[in-house]
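Topology and contacts: notes
Letter by letter, the chains look like this.
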Amino acid sequence: MWASASLLLMSSLLVGKVVAERCPRICICDSIKYQVMCVNKNLTEVPVNIPQVTQRLDIRRNEIQVIPAGAFLPIPYLTHLNLQKCKVESIEEGAFRGLGRLIYLNLASNNIAFIYQESLDGLFSLRQLILEDNRIEEIKPGAFGQLGFLSFLNLARNALVYLPDMVFQGLQLIKWINLSHNSLHVLASEAFGGLPTLKRLSLDHNELQFFPSEPLSRLSGTTRLNFGYNPITYIGEEAIEMASLKQLFLDNMALQDVSHRAFVRSPLLEMLSLHNNQLSVLQPLTEMAHLKSIDLTGNPVLCTCYMRPFKEWAAKARIHAEVVCAGPVASRGEHLESLRTSDMKCTDHSLEEKLLPSMATVTREPEEETVKCPKGCNCSPDYQHGNCDNRNLQSIPKGFPSNTQLLDLRHNEFLSVPKGSFPGLKNLTSLHLQNCKIAVLQSGAFQGLKKLLYLYLSNNDISSIDAETFAGTTQLAYLYLDHNKLTHMPKGVFSHLPNLFALHLQHNSISQLPDNALAGMEKLRWLYLTGNRIAQMAPKALSHAKILEKLHLDENSLQEVPTSSLRGLPMLIELKLSKNPIKYIGNNAFLPVARSLQHLYLDNMGLEKMSAGAFTGLGRKIKSLYLEKNKMDSLPDLHGFTALEAINLSDVPFSCNCQLLPLRKWLDKLNLRTGAACGSPAAVHGQKVKLTAAFQSCPGWSTKKAKRTSLTKAKAKAGRSSRKRQGAGDMQVRGRRKSKV
């Protein structure tokens, strides 16, 4: 016993001596807690000579702009690492390799813009990852692939505008993801796919203008959703489909109406917060059997006969409803539960309607709104929204509050947008000008809108755009110019939009794409050109959009696959060529994008023939392939398409003869519905390719069946032998047991 104690004491003293000897001069080393602190020491790199046995390293408030590969290899026992406020801009591949024991990593308040696939390699024990308050614009696919034990991911206060499919893939044990205070506007349908353990999701303080029903429906196990502070005005029937949801926060939005059946697909909902919205009435949520509390404070609720059903339902169902009346005058400031239902009357409907807009701002500084809101518009400073939708306005109004972030001017008759139409709106992030009969956008029309991210100009009469129209809107990420009268790609216009993420030009009259058509849009990811008249694409038309991911060219006049124009697009994931009059697809048609392409649409083209090498290079990454409603009678070899999740071959008149046998064999192995049917010969017309007997006389068919039969017999024989061996083994075991007894 004494020898063991002495040995332990000597080893402790030895470790302490090693720690003391190796401690960097400017750091503080604690040999008892195995902790090293180098806080606010003007370090430009990770300090060397840190004791190998260190478990906690705190190097906050330094100037380490780059974390190089292998920076922490000498200290493999780290469990906690704090790199807050170090001005970190980039994380090299393998920066954290060797930290297989790390469970906590704090990278908050730095200047990180991208999370790459290799950025977090080696952190397979990590439990908490803090990336709050950076400049993250994009998370590359697979970035979290090695973080299988992560339980908390904090991405709050970044610059995310879009979440792609399966962006969080690999987080098998994640419990909480915080995405609040970003600029999220679009969520891909599978953005939250593969997260069965996620319990809490924070999406508050973003720019989501519609409730993302489809992506959130993937979260079958999530119990708490924070969704407040998003500019949503309406939630419709069955919009929220989350099977395990219990707590839902829809506070501080712009909700003017919520369907009484909005939550029926979230049957376990217990708590609902609608605090600080614009609801004057809420219908009883009679189908919500588990609901216990509703918060409607801060809404302009009219406690009239229209709220009587809600009051009666809440009382009967024993639901705690926080409701303070904004009207009528006699009930203003009263709690709904204190009123008698007999006093909740509707005596003058017209008066109530006149009072409604003013009541909506009673508790929100009405004097300030009256001064700063243009006549005929509604302004909500607390929500930072201005609304002049469908007011028969002939010119763009001025005088909105300076903190306005969303401005809705839809369904008016402006005809033109003059220079400097939006003075003083330096905080505006979302501008809606759809259906305004706009024909002219003057030079400098949007000047001063330095924070504008979303600009909607859909459904107007715009036929040309001046080169300086978008001058000053350098942060613009989403531009909607669809359903206008553009006949050509505007020259020089997009040089003012270096951060453009998505460009919507569908349903115009553009006939060709010249070289350098996308000059200035180096960050463009999505390009929508559906429903134009494009017959020609120059070889370098798309050359500036080197990171383009989606290209929609469907419903145009292309007569061949624009192979030369696809060169230089190494990240293209989705290509739509549907409904183009392409009759023939030759060899190597998609070779330039074969390494990245995942979704290919070639349907409804009248396609008559495809060469044997049409799909050269494609296969391994293709997830969906659409070839329905064409005229060819056969297909190139598809055996290389091993990752398919969807394929449509319906309404293709396949010639079910022996030449099609390779396709039939491939379909037999494919566990997907394809819709493939025979077009000829007449005897099998309409029969499913996968089920028809037309191939039974083909060479190779009977051999295949014979192989199956012999394989089946071999398996049966092996099974019998295995059972005999198992029986003999059991007898031996029983014999041994008996002899022991």
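Source: prediction; values computed, not measured.

About the thresholds
Residues numbered from 1 in each chain as written. Predicted model: local features only at pLDDT ≥ 70, side-chain atom pairs only at ≥ 80, totals over all residues. Heavy atoms only, no water. Helix = DSSP H or I, 4+ residues; strand = E, 2+ residues; numbered from the N terminus. Buried < 20%, exposed > 50% of the residue type's maximum accessible area, 1.4 Å probe, protein only. Contact = heavy atoms within 4.5 Å. Areas by Shrake-Rupley, 256 points an atom, 1.4 Å probe, with all protein chains shown as cover. pLDDT = per-residue confidence, 0-100. Disulfide = S-S within 2.5 Å. Phe/Tyr/Trp six-rings, centres within 6.5 Å; stacked < 30°, edge-to-face > 60°. Arc of directions from axis to C-beta. Patch = residues over 30% accessible without salt bridge, like charges linked within 9 Å, V, L, I, M, F, W, Y side chains within 5 Å. Salt bridge = Lys/Arg side-chain N within 4 Å of Asp/Glu carboxyl O. Lys, Arg positive; Asp, Glu negative; His and termini not counted. Charge placed at Lys NZ, Arg CZ, Asp CG, Glu CD. Pairing = 2+ DSSP bridges. Right-handed = clockwise from strand over helix to strand, strands pointing away.

A few points about the overall build of the protein chain
- Assigned secondary structure in the protein chain consists of seven helices and 45 strands.
- A buried classification covers 49% of the 741 residues belonging to the protein chain.
- Contacts in the protein chain between residues far apart in sequence, at least 24 positions, make up 51% of those at least 6 positions apart.
- Summed over all atoms, the accessible surface of the protein chain reaches about 35100 Å², with 51% contributed by carbon and sulfur.

Structural notes on the side chain of N178
- Along the chain, N178 falls in strand β13 (residues 176-178).
- For N178, a relative accessible area of 11% puts it in the buried group.
- If near-sequence neighbours (up to four positions away) are discounted, N178 is found in contact with F152, L153, N154, L155, A156 and S202.

Here's the deal with the confidence of the model for the protein chain
- Averaged over the protein chain, the pLDDT score is 86; the fraction of residues at 70 or greater is 88%.
- Here residues 1-20 is modelled with pLDDT under 50, and outside its nearest four sequence neighbours on either side it reaches seven contacts, counting other chains as well.

Remarks on the state of the cysteines
- The full count for this structure, using the stated rule, is seven disulfides.
- Two residues, C23 and C29, share a disulfide whose sulfurs are 1.9 Å apart. Of note, the bridge from C23 to C29 carries an S-S torsion of about 90° and is right-handed in sense.
- Residue classification places C23 among the partly exposed positions, given a relative accessible area of 21%.
- Relative accessible area serves as the criterion here: at 23%, C29 is assigned to the partly exposed category.

Looking at the packing of aromatic side chains
- All told, the structure shown has 20 aromatic pairs when counted by the stated rule.
- Plain terms: the ring middles of F72 and F96 are 5.9 Å apart, the flat faces sit at 10° to each other, and that makes the pair stacked. Here F72 is found in the loop between β4 (66-67) and β5 (80-82), whereas its partner F96 is found in the loop between β6 (90-91) and β7 (104-106), with 24 residues between them in sequence.
- By relative accessible area, which is 0% here, F96 ends up buried.
- Seen from their ring centres, F446 and F470 are 5.8 Å apart, and the 10° between their planes marks the pair as stacked.

Points about the environment of A477
- Topologically, A477 is positioned in the loop between β31 (454-456) and β32 (478-480).
- Residues A477 and L497, spaced 20 residues apart in sequence, show a C-alpha to C-alpha distance of 8.0 Å.
- Each residue touching A477, except ones within four places of it in the same chain, is listed here: L453, N499, L500, F501 and A502.

Side note on helix α3 (residues 308-316)
- Here α3 has its buried residues at F310, K311, W313 and A314. On an axial view of α3, the arc spanned by its buried residues comes to 165°, and they lie on one face. Structural note: α3 exposes A315 and K316 on the side pointing more than 90 degrees away from its buried face.
- Here the buried face of α3 lies against β21 (293-295) and β23 (320-322).
- Of the residues trailing α3, R318 is marked for its positive phi of about 55°.

Remarks on unusual backbone geometry
- In this model, G327 is joined to P328 through a cis peptide bond whose omega is -5°.
- Residue S680 is joined to P681 through a cis peptide bond whose omega torsion reads -5°.
- By the element assignment, P681 lies in the loop between β45 (677-680) and α7 (701-740).
- For K629, which is not glycine, the phi dihedral falls at a positive 55°.
- Note on placement: K629 falls in the loop between β42 (624-626) and β43 (646-648).

Considerations on a positive patch on the surface
- A surface patch of like charges, here positive, comprises K175, K199, K246 and K292.
- Among the secondary structure elements, K199 is positioned in the loop between β14 (186-187) and β15 (200-202).
- Taking relative accessible area as the criterion, K199 reaches 39% and is therefore assigned partly exposed.

Details of the pattern of salt bridges
- Counted under the stated rule, the structure contains 21 salt bridges.
- Put simply, K140 and E138 hold a salt bridge, and the shortest N to O gap is 3.4 Å.
- One salt-bridge network, in which partners are shared between bridges, spans E237, E238, R261, R265 and E287.

Notes on the environment of G228
- Turning to its location among the elements, G228 is positioned in the loop between β16 (224-226) and β17 (234-235).
- Separated by 25 residues in the primary sequence, G228 and M253 place their C-alpha atoms 5.9 Å from one another.
- Apart from the residues lying within four places of it in its own chain, the contact partners of G228 are D204, H205, F249, L250, D251 and M253.

Focus: the pairing of β45
- When strand β44 (residues 653-655) meets β45, the two strands line up parallel, connected through three bridges. Looking at β45, one finds that S655 is bridged to S680.
- The handedness of the β44 to β45 crossover, carried by helix α6 (residues 661-669), is right-handed.

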